[in-house]
Amino acid sequence: MLVSVKRTPRLALHAAAVLLTVTSASEAAADDGAGPFGVTAVAAATSQNARVGALFDGAQHHCTASVVRSPHRDLIVTAAHCLDDSDRDLVFVPGYRDGAAPYGKWKVAKRYLPEGWSKGQDEDSDVAFATVEGDVQDAVGGNRFVTGTATGATAVTVTGYPSSRGVPISCTNKPTAHSRTQQRIECPDYIGGTSGSPWVNGDGQVVGVLGGHEEGGATADVSYSVVLGAEAAALYRDAVR
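Residues numbered from 1 in each chain as written. Predicted model: local features only at pLDDT ≥ 70, side-chain atom pairs only at ≥ 80, totals over all residues. Heavy atoms only, no water.

1. Re unusual backbone geometry
Backbone geometry at Asp189 places phi at a positive 75°, although glycine is not the residue there. The residue Asp189 is located in the loop between strand 13 (182-186) and strand 14 (198-200) in this model. (Helix = DSSP H or I, 4+ residues; strand = E, 2+ residues; numbered from the N terminus.)

2. Brief notes about the sheet that holds strand 5 (residues 75-78)
The six strands lie next to each other as 3-4-5-8-7-6, forming a closed barrel whose pairing is antiparallel. Each adjacent strand pair in this sheet contributes to an overall mean axis angle of 45°, direction not counted. By the bridge criterion, two bridges tie strand 4 (residues 60-67) to strand 5 in an arrangement that is antiparallel. Each bridged residue has a counterpart across the sheet, and for Ser66 the counterpart in strand 5 is Val77. (Pairing = 2+ DSSP bridges. Axes fitted to C-alpha atoms, helices over the stretch in contact; angles between N-to-C directions.)

3. Re the sheet that holds strand 12 (residues 176-177)
Ordered by their spatial adjacency, three strands build an open sheet running 12-13-16, and the pairing between neighbours is antiparallel. The open sheet has two free edges, formed respectively by strand 12 and strand 16 (222-226), since each of these has just one partner strand. Bridging between strand 12 and strand 13 involves two bridges; their strand directions are antiparallel. Looking at the pairing, Thr176 lines up with Arg184 of strand 13.

Dropping the structure here:
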């Protein structure tokens, strides 16, 4: 789902997508509550969704990131392939909508990539953190980053920013195992730009990050995440220090 000159695994597959506007009938609880599941819609402008933002490389929106809780209140999580070019100046815009930055623009400072990605771009290490300049958590809040959760223990809501749109999309469904180290979710219309989208359960915990296998998936209807385990936990500890 990364849009770049090097890797465009999803951008060329879709010219346009017709998305539903979120209504109370189409919103699904991010646990085992009422559905429908597997329906992608424009995400409502809520305090929870404000924690998710577009990641910009200059004027180009190329990925999604979200605020996670940290002692210094300055931490975001995304996919490692969204941060692996250290020469780029990146800006995180939480709650971005139709060109507006209601919670400000936050320059990315230090980046934290796992060794498995930085040394070999291992798809099982496609998760990363970055700090921003300022206390972004004070502006929008943050979700807890949680590792060791069983795949499919509950449904999750995936919220992200397609590069072709100025608003975020959202879908709730129950992940399934793709392998011991990768999990997958069936949600339509997750195209280029949605890499890094958080998978948030009903307790407000990030239990996945869109990326991993095929950098998030080769089709728009099935997305992937690394199973967040010991490597992700160690990386988080390093980032919050």
